[in-house]
Amino acid sequence: MTQKTTLNEWLGWLEGLHASAIDMGLDRVRQVWDAMRLKPAFPVIMVAGTNGKGSVCAMLSTMYQRAGFKVGCYTSPHILRYNERVAINLQPVSDARIMQSFAAIDAARGDTSLTYFEFGTLGAMHSFVEEQVDVAIMEVGLGGRLDAVNIFEPDVSVVVSVDIDHAAILGDNREDIGFEKAGIYRPGKPAICADPQPPQRLLDHAAAIGAELKLVGRDYSYQRMENQWSFQMGTSRRHALPMPALRGGYQLGNAAAALAVLDCLHERLPVGIGALKQGLVEVDWPGRFQVLPGRPLVVLDVGHNPHAVKAMVASLRQLPFAENRYAVFSMLADKDLPAVAELARGEFDGWFVAGLDMPRGQSGADIAARLQALGIGKVQAFVDVASAWQAALSAAGENDRITVFGSFHTVAEVMEARQQRI
């Protein structure tokens, strides 16, 4: 057992513990969890999806917390601090709490090697068990079937959306990806799919294992009105609901998925209409089409795949007119830059493109050259995100708009640059 005195020491050690950063499969992580002999005594909600899963987790956490429950929520990746991944009652847990869980895992694992994500997933659930939460909300990291989160037994599983991302691992089509995400469904348990066009392989898998499949548009529905919306699932009807605090038209579908979860667990975790409405109004999830106060208008969006960027562009078009629209952009090398560029074509009057100095990163010059080859004009390249951000700020007037997107890392670096100015 290796002794560490700070969380940063632990995280640095975890980065080199396993031979590869991603190693799909459940055998190793399940072996360690079984050795720890911990069994959650609380309901577990598992949330997967190409996009939107973090927003659903945030909505559920807020509504359950406002209803008086002690809520554990595990999400990834973090933006600024690792502690964001493990929250209890909407607050990141302490370094000490995470280190205690890491030490317990290290003591139990013997010679079994774990990835950074696997270690963190076990650590989150260990923290929730130790802190005796009333409910744990677990966001799937990648796919579903072979993701470390899937070693736990969910009481309700949600697939929020299915689209192309991580094609080298999950497949290059919605059918294969849908099957991977459906791997979080369980026999006899509620299995929600919030994608309006569910892949056939997802439907077939749910039927084959006997999951209680609940589809948007068939088993539950929602309707938007001018400044409010309604939700229906079976005999449950909720009217005059406030619009979610999270910006973007797609968030209504995410909110409906969260309400479907509430209905499925109502007997064990009842949430009154007051707490439900309060949760919708007060939910906070930074970096997801986050519109910052002040001028020029700044939008932060961690969207990094075509599905997310398509939704971001639709939301940008709903914002007030801006004289000049600028993008601060960077993207990892394994993402679908041509598709993203096509979706964003014509949406920005100037691109401030930055490099990311990390594995899978690429230089600003390389990204700029690829964008220009794709017919995107007015592109400037910068060494890092902070430089691109400062240049965009210098160029923008008070009636302009800056959109920061392309990667969690891009948004994180702008957040850090803004904090340094405060």
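One numbering rule holds for all chains: residues counted from 1, following each sequence as written. Whole-chain, interface and lining totals are the exception, using all residues; otherwise, since this is a predicted model, local features are given only for residues with pLDDT of at least 70 and side-chain atom pairs are given and counted only at 80 or more. With hydrogens and water set aside, each side-chain value is computed from the structure's full complement of heavy atoms.

**A closer look at helix α15 (residues 408-421)**
Over its 14 residues, α15 runs 20 Å from end to end, which matches the ideal 20 Å to within 8%, given 1.5 Å per residue. All of the buried residues in α15 are Phe408, Thr410, Val411, Ala412, Val414, Met415 and Ala417. Any two residues whose heavy atoms approach within 4.5 Å are treated as being in contact. Think of it this way: any DSSP run of H or I at least four residues long counts as a helix, any run of E at least two long counts as a strand, and we number them from the N terminus. Of the surrounding secondary structure, the elements contacted by the buried residues of α15 are β12 (290-292), β13 (297-300), β14 (325-329), α14 (385-395) and β17 (401-405). Capping the start of α15 is the job of one residue whose side-chain oxygen sits 3.0 Å from the backbone nitrogen of His409: Ser407. The length a helix should cover is 1.5 Å for every residue beyond the first. Partly exposed residues are those whose accessible area sits between 20% and 50% of the maximum for their type, while under 20% is buried and over 50% is exposed, using a 1.4 Å probe and protein chains only. Two N or O atoms count as a polar contact when they lie within 3.5 Å, although within protein this holds only if one can serve as hydrogen donor and the other as acceptor, and sequence-adjacent residues are included solely when both atoms are side-chain atoms.

**Quick notes on the packing of helix α11 (residues 306-316) against helix α12 (residues 337-344)**
Closest axis-to-axis distance for the α11/α12 pair is 9 Å, and the angle between their directions is 10°. By the angle class used here, α11 and α12 are roughly parallel. Contact residues: α11 offers Pro306, Val309, Lys310 and Val313, while α12 offers Ala339, Val340, Leu343 and Ala344. Taken together, the residues of the contact of α11 with α12 break down into 7 nonpolar, no polar and 1 charged. Interaxial angle, 0 to 180 degrees, is taken between N-to-C directions of lines fitted to C-alpha atoms, where a helix line uses only the stretch in contact. Oblique is the label for any angle not covered by the other classes, which are roughly parallel (under 35 degrees), roughly antiparallel (over 145) and roughly perpendicular (65 to 115). Note on residue categories: nonpolar means Ala, Val, Leu, Ile, Met, Phe, Trp, Tyr, Cys or Pro, charged means Asp, Glu, Lys or Arg, and polar means any other residue, Gly included.

**With respect to the environment of Ser221**
Inspection of the secondary structure assignment puts Ser221 in strand β9 (residues 220-224). Taking the C-alpha atoms as reference points, Ser221 and Gly54, 167 residues apart in sequence, are found 21 Å from one another.

**Quick look at the UniProt feature "domain: Mur ligase C-terminal" (unreviewed entry) in the chain**
UniProt positions are given in the numbering used here, feature names are shortened, and annotations may be inferred rather than shown by experiment. Per the UniProt record, "domain: Mur ligase C-terminal" (unreviewed entry) is annotated on residues 287-408. Each end of residues 287-408 is marked by a C-alpha atom, and these two atoms are 8 Å apart; helix forms 34% of the span and strand 21%.

**Re the sheet that holds strand β10 (residues 228-233)**
Spatially, 3 strands are ordered β9-β10-β11 in an open sheet, and the strand pairing comes out antiparallel. Both outer strands of the open sheet, β9 and β11 (236-242), are each paired with one neighbouring strand and no more. Pairwise comparison of adjacent strand axes, ignoring direction, gives a mean angle of 15° for this sheet. One ladder, built from 5 bridges, connects β10 with β11; its direction is antiparallel. By the bridge assignment, Phe231 is partnered in β11 with Arg238. Here helix α9 (residues 251-264) sits on the sheet and contacts β9, β10 and β11; the angle it forms with β10, its principal contact strand, is near 40°. Strands pair, by our definition, only if DSSP identifies at least two bridges between them.

**A short note on the pattern of salt bridges**
We define a salt bridge as a contact between a side-chain nitrogen of Lys or Arg and a carboxyl oxygen of Asp or Glu at a distance within 4 Å. Inspection of the entire model under this criterion finds 20 salt bridges. Across the pair Arg97 and Glu131 runs a salt bridge whose closest N-O atoms are separated by 3.2 Å. With Arg97 in helix α4 (residues 95-109) and Glu131 in the loop between α5 (116-130) and β5 (135-139), this residue pair connects regions lying 34 residues apart in the sequence. Ionic pairing is found between Asp195 and Arg174, a salt bridge with its closest N-O pair at 3.2 Å. With Asp195 in the loop between β7 (190-193) and α8 (200-209) and Arg174 in helix α7 (residues 174-181), this residue pair connects regions lying 21 residues apart in the sequence. Judged by relative accessible area, Arg174 falls into the partly exposed class, the value being 26%. Several salt bridges share partner residues, and in doing so they unite Asp23, Arg28 and Glu118 into one network.

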